[in-house]
2 protein chains.
Amino acid sequence: MQPRRKTKSVQVGPLVIGGNHPISIQSMTTSDTRDKAATLEQIRQLSAAGCEIVRLAVPDGEAADNLAYFCKNSNVPLVADIHFDYHLALTAIEAGISKLRINPGNIGGPDRVNLVARKAKERQIPIPIRIGVNAGSLEKDLLANFGGPTPEAMVESALRHIRLLEAVEFFDIVVSLKASSVPATIEAYQLLAQQCDYPFHIGITEAGTWFKGSIRSAVGLGALLWEGLGDTLRVSLTGDPVREVAVGQDILQALQLRSFGATVVSCPTCGRCQINLESLAFQVEQLAAAVHQPLKIAVMGCAVNGPGEAREADLGVAGGKGEGLIFRKGEIIKKVPEDQIIAALKEELEKLVPGD
Amino acid sequence: MQPRRKTKSVQVGPLVIGGNHPISIQSMTTSDTRDKAATLEQIRQLSAAGCEIVRLAVPDGEAADNLAYFCKNSNVPLVADIHFDYHLALTAIEAGISKLRINPGNIGGPDRVNLVARKAKERQIPIPIRIGVNAGSLEKDLLANFGGPTPEAMVESALRHIRLLEAVEFFDIVVSLKASSVPATIEAYQLLAQQCDYPFHIGITEAGTWFKGSIRSAVGLGALLWEGLGDTLRVSLTGDPVREVAVGQDILQALQLRSFGATVVSCPTCGRCQINLESLAFQVEQLAAAVHQPLKIAVMGCAVNGPGEAREADLGVAGGKGEGLIFRKGEIIKKVPEDQIIAALKEELEKLVPGD
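The shown structure was predicted, so the numbers you read here are calculated from the model rather than taken from an experiment.

Analysis parameters
- Residue indices begin from 1 for each chain and proceed along its sequence in written order.
- The lettering of chains begins at A and the numbering of ligands begins at 1, in the order of writing.
- Reporting in this predicted model follows two pLDDT cut-offs: at least 70 for local features of residues, and 80 or more for side-chain atom pairs to be given and counted; totals over whole chains, interfaces and linings ignore these cut-offs and use all residues.
- Side-chain measures were taken over the full set of non-hydrogen atoms in the model, leaving aside hydrogen atoms and water.
- The helix and strand labels rest on DSSP assignments: H or I over at least four residues marks a helix, E over at least two residues marks a strand, and numbering proceeds from the N terminus.
- Any two residues whose heavy atoms approach within 4.5 Å at even a single point are treated as in contact.
- The accessible surface values rely on the Shrake-Rupley method and a 1.4 Å probe; as for residues, cover is taken only from the protein chains in view.
- Throughout, exposure labels follow a simple rule: accessible area from a 1.4 Å probe, protein chains only, divided by the maximum for the residue type, with under 20% read as buried, over 50% as exposed, and the rest as partly exposed.
- Alignment of copies: least-squares fit on C-alpha atoms of residues with pLDDT of at least 70 in both copies.
- A positive count includes Lys and Arg, and a negative count includes Asp and Glu. His and the chain ends are not counted in either.
- Each reported salt bridge corresponds to a side-chain nitrogen of Lys or Arg within 4 Å of a carboxyl oxygen of Asp or Glu.
- Polar contact is defined as a pair of N or O atoms within 3.5 Å, subject to the rule that within protein one atom must be able to donate a hydrogen and the other to accept it, and that residues adjacent in sequence are counted only when both atoms are side-chain atoms.
- Start and end positions for the domains come from either an automated domain assignment or a database one.
- Strands are labelled as partners when DSSP assigns at least two bridges between them.
- For helices, the fitted axis covers only the stretch in contact; all axes are lines through C-alpha atoms, and the angles between them, taken along N-to-C directions, range from 0 to 180 degrees.
- By buried area we mean the combined loss of accessible area, with a 1.4 Å probe, across both parts when two parts are placed together.
- Put simply, Ala, Val, Leu, Ile, Met, Phe, Trp, Tyr, Cys and Pro go in the nonpolar bin, Asp, Glu, Lys and Arg in the charged bin, and everything else, Gly too, in the polar bin.
- Two rings from Phe, Tyr or Trp (for Trp, the six-membered ring) form a pair when their centres are within 6.5 Å of each other. A pair whose planes differ by under 30 degrees is stacked, one over 60 is edge-to-face, and the rest are tilted.
- Lysine and arginine charges are scored as sitting over a ring when NZ or CZ, respectively, is within 6 Å of the ring centre and within 35 degrees of the ring normal.
- Residues belong to a common nonpolar core when they are buried Ala, Val, Leu, Ile, Met, Phe, Trp, Tyr or Cys residues joined through side-chain atoms within 4.5 Å.
- Helices are assigned an expected span. That span is 1.5 Å times one less than the residue count.

> Which parts of the structure should I look at to understand the overall build of chain A?
What chain A contains, in helices and strands, is 13 helices and 15 strands. Dimensions of chain A, computed from the C-alpha atoms along their principal axes, are close to 75 × 45 × 30 Å. Considering only contacts in chain A between residues 6 or more positions apart, those separated by 24 or more positions represent 62%. Carbon and sulfur atoms make up 48% of the accessible area of chain A, which amounts to about 13,000 Å² in all.

> Teacher, can you tell me more about the environment of A:L191 here?
Residues and elements named next belong to chain A. Along the chain, the position of L191 falls in helix α8 (residues 182-193). On the basis of relative accessibility, which here comes to 26%, the residue L191 falls in the partly exposed class. When the C-alpha positions of L191 and M154 are compared, they lie 9.7 Å apart, and in sequence the two are 37 residues distant. With residues up to four places along the chain from it excluded, the contact list for L191 reads P151, E152 and V155.

> Whenever I open this one, the relation of the copies chain B and chain A confuses me. Can you help?
Here the two chain copies are tied together by a rotation about an axis and a shift along that axis. Superposition of chain B onto chain A requires a rotation of 180° combined with a translation of 0.0 Å along the rotation axis, giving an RMSD of 0.0 Å. In the structure described here, the two chain copies are related by an operation that fits a two-fold rotation axis. Scanning chain B for the C-alpha nearest the rotation axis identifies B:A223, at a separation of 2.1 Å. When the interface residues of chain B are mapped onto chain A, 100% of them again lie at the interface, so the same face is used by both copies.

> Would you mind showing me how to read the side chain of A:R130 here?
All names here are of chain A. Along the polypeptide, R130 turns up in strand β7 (residues 129-134). Buried and unpaired, R130 has no salt bridge, with D81 as the nearest side chain of opposite charge at 4.5 Å. Polar contacts involving the side chain of R130 include one to the side chain of S176, which spans 2.6 Å. Side chain to side chain, R130 and H201 meet in a polar contact 3.3 Å long. Each residue touching R130, except ones within four places of it in the same chain, is listed here: R55, D81, K99, L100, R101, I102, N103, V174, S176, K178 and H201.

> How should the domain arrangement of chain A be read in this particular structure?
Buried accessible area, meaning the area lost when the parts come together, often serves as the stated size of an interface. For chain A, the domain assignment lists domain 1 (9-254) and domain 2 (263-351). On a C-alpha basis, the centres of domain 1 of chain A and domain 2 of chain A stand 40 Å from each other.

> I would appreciate a short explanation of the pattern of salt bridges in the present structure.
A side chain with one charge can pair with a side chain of the opposite charge if their charged atoms come near. All names here are of chain A. Counting across every chain of the model gives 32 salt bridges over all chains. Across the salt bridge formed by E156 and R163, the nearest N and O atoms sit 3.5 Å from each other. Overall, the relative accessible area of 44% leaves R163 in the partly exposed class. In the salt-bridge network here, residues are joined through shared partners; they are R328, E347, E348 and K351.

> When you look at the sheet that holds strand β13 (residues 315-319) of chain A in this model, what are you seeing that I'm missing?
Hydrogen bonding along the main chain pairs the strands of a sheet, whether they run parallel or antiparallel. Residue and element names in this part refer to chain A. Spatially, β11-β12-β13-β14-β15 is the arrangement adopted by the five strands of the open sheet, whose pairing is mixed. The sheet is open, and its two edges are formed by β11 (263-266) and β15 (331-337), each paired on a single side. Adjacent strand axes in the sheet meet at a mean angle of 20° when their direction is disregarded. Each of β11, β12 (296-300) and β13 is contacted by helix α11 (residues 277-289), which is oriented at about 165° to β12, the strand it contacts most.

> Even after reading the chapter, I still don't get the interface of chain B and chain A, so can you show me in this structure?
Taken together, the contact pairs 74 residues of chain B with 74 residues of chain A. Carbon and sulfur atoms make up 60% of the area that chain B and chain A hide from each other, which totals about 6,300 Å². Considering only the side of chain B, the residues that lose the most area to chain A are B:E206, B:W226 and B:P268, jointly responsible for 11% of the buried surface there. Counting across the interface, chain B meets chain A through two salt bridges. Of the charged contacts in the structure, one is a salt bridge between A:K212 and B:D250, with a shortest N-O distance of 3.0 Å. Linking chain B to chain A there are 14 residue pairs in polar contact (both at pLDDT 80 or more). With eleven residues, the top contributor of residues to the side of chain B that touches chain A is helix α9 (residues 210-226) of chain B. Across the side of chain B that touches chain A, the residue classes tally to 31 nonpolar, 25 polar and 18 charged.

> Looking at this structure, I do not really get unusual backbone geometry. What am I missing?
Most of the time, phi is negative for any residue but glycine, and the peptide bond is trans. Non-glycine residue A:F84 carries a positive phi angle of around 75°. Its place among the elements puts A:F84 in the loop between β5 (78-81) and α4 (86-95).

> Which parts of the structure should I look at to understand the packing of aromatic side chains?
How two aromatic rings sit relative to each other is set out by the distance from centre to centre and by the angle between their planes. Counted under the stated rule, the structure contains eight aromatic pairs over all chains. An aromatic cluster is built from A:W210, A:F211, B:W210 and B:F211, whose rings are joined through pairwise contacts. Positioned above the aromatic ring of B:F200, the side-chain terminus of B:R5 is 3.7 Å from the ring centre.

> Even after reading the chapter, I still don't get the nonpolar core, so can you show me in this structure?
General note: in soluble globular proteins, nonpolar side chains tend to be found buried as a group. Among the nonpolar cores identified, the biggest contains 165 residues, and A:L100, A:L177, B:L100 and B:L177 are the most heavily contacted of them. In this structure, B:L100 is in contact with B:V79, B:A80, B:I82, B:A89, B:A92, B:I93, B:V116, B:I127, B:P128, B:I129 and B:R130, ignoring residues within four places of it in sequence.

> Whenever I open this one, α9(B) confuses me. Can you help?
Helical periodicity: at 3.6 residues per turn, an α-helix aligns residues three or four positions apart in one direction. In this model, α9(B) (17 residues) spans 23 Å end to end at C-alpha, consistent with the 24 Å of a helix rising 1.5 Å per residue. Of all 17 residues in α9(B), 15 are buried, a share of seventy percent or more.

> Looking at this model, I keep getting lost on the sheet that holds strand β13 (residues 315-319) of chain B. Mind explaining?
Residue and element names in this part refer to chain B. Spatially, the five strands line up as an open sheet ordered β11-β12-β13-β14-β15, and their pairing is mixed. Of all strands in the sheet, those with a lone pairing partner are β11 (263-266) and β15 (331-337), marking the two edges. Direction aside, neighbouring strands of the sheet carry axes that sit 20° apart on average. The strands touched by helix α13 (residues 341-352) are β12 (296-300), β13, β14 (323-328) and β15; relative to β14, the strand with the most contacts, the crossing angle is about 5°.

> Whenever I open this one, the side chain of A:N103 confuses me. Can you help?
Residues and elements named next belong to chain A. Tracing the backbone through its elements, the reader meets N103 in the loop between β6 (99-101) and α5 (110-122). In this structure N103 comes out as buried when scored by relative accessible area, which is 10%. When neighbours within four sequence positions are excluded, N103 is seen to be in contact with R130, I131, G132, V133 and H161.

Set out below in structure tokens:
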């Protein structure tokens, strides 16, 4: 894996994005931000699922007026997502928002950029601004010059927005470069990485529905993270955003960049398997969901790779004919009939992580 | 994206693995190979789902004796997965198998390796051998020397098996290096890429259950493919292998390495969205499943990124308040009420891909 790119750090409420800080997981509410109850409920659901930064669309003044309420009642930092209207950005800052997502090139000139930037810096913790370039809303002249929403066009758009903020001595910047094309997204981040040291918010935009969108996001974010790029991430899925959080966690955990609990490895089964492994793996996954320590639990079907993999795990089972060998930290501790495997694993798990 | 690694090509029945040939998708039956009817049925299901190479576990002589029947009745090339017993490999070759997966270091000495290799080369199309190194079944001395199943230990194991085949002038080799750790897997392939030019079969072994296993596989295979590594792939999921095929296709399609039909991009929705986008996206995904051409269909919730993204798509909808703008190849062609969006998209899709 490439070493993580060296970046500036910016503070988002109690969190820090960039530097050597953990790659944080974001999501965004889908509720109407003018609806106080529904939006606060969704913020809480996201936070309970492990979302570390929650973004809200702020399309108008009514939505902006609710931000103070959300900021007061949320236990995670909030980001106001604003397009075009700098008044909404000023209101959001006054409301106590922890970060803005706004593209300074779209708010009507240098005076307004200066006003927003000055106000963002006035706070005790300066409020960072994320420049969010999206292939779907690039400037017309860039589309014309580059022949479409290419990675180079996206990077040039980002640099324009960055220069506007730098011109007013504002440097608490996060940048995202999202396209629905996975290769275009990765290439854009790779190009921009050579031209600035602001931290990256990474994501594949409009990835699609739950399952296919998760695959596309995992491919793209997997490649980006492997290249050392990415300081905070959002998985964009059409549907309940709570699902985005778990997928983001799974992606980071797959690359061992962060740990959110136990990892269950389970074999695909084959003609050698003589126990009902799929059912067993699902039951183990449920057991594991309650574990908050980074254990590895192996659920293996046969004697070929089973014992080896189970040996490397903190806890494991390797199936035989209607029975299972239970492993704990590399040692076979017992052999049990198939219908007692789950009970045996549960018992051992409780010994490994008492009270987790 | 890194240029694809230059490799030798090996022929697997009518398919070629390596060189510039398309990265093929494999899976493996989970049925008992001794059960003729169930196994042939699963081969057919996998083939119907788009699986291009099907592997069968061959644990004993009874299973091996069925291979001739499967080879005769399968419309995709078959691979016999054999451990330890060279007799089974000889039987599989006689049965007309298209590829063997066997680790020559485990079959009892150079004479037996020579026997299997000679027989594999006798056929009109020589039968390639995949050396499948798995972190869960590494040689004891390597585990001891390397302090565990490290990427270096996996590579050394692969090189040992490779040398045994090369010693008998057998070069139709494919190699896999699988671990349940995603970073260890990627690193192992990166190391071996510097030491041989045999094509790679890539996969994350024991990835887990359907959803989490798909994410882990997409992260790992996404990073490998981005690095230019991989000539054939298998997604290993606990459960029905038919699902592995679709996930493999989605991974390759996400990186635009192959196309298996239409891509639906859909936005995650946010507080700006005023139509029921999730339901719409699912319905569009169903429409798109019948399309075999590489179209891009965009389902967008609002006016911020919607029109831009929809413009780049072959067909698209950008939602407004209870209505949708329908785009075709960059042009707005009509505005329809929300309940007529699907019908309008279907109509346009039929014009774009008549009879598909």
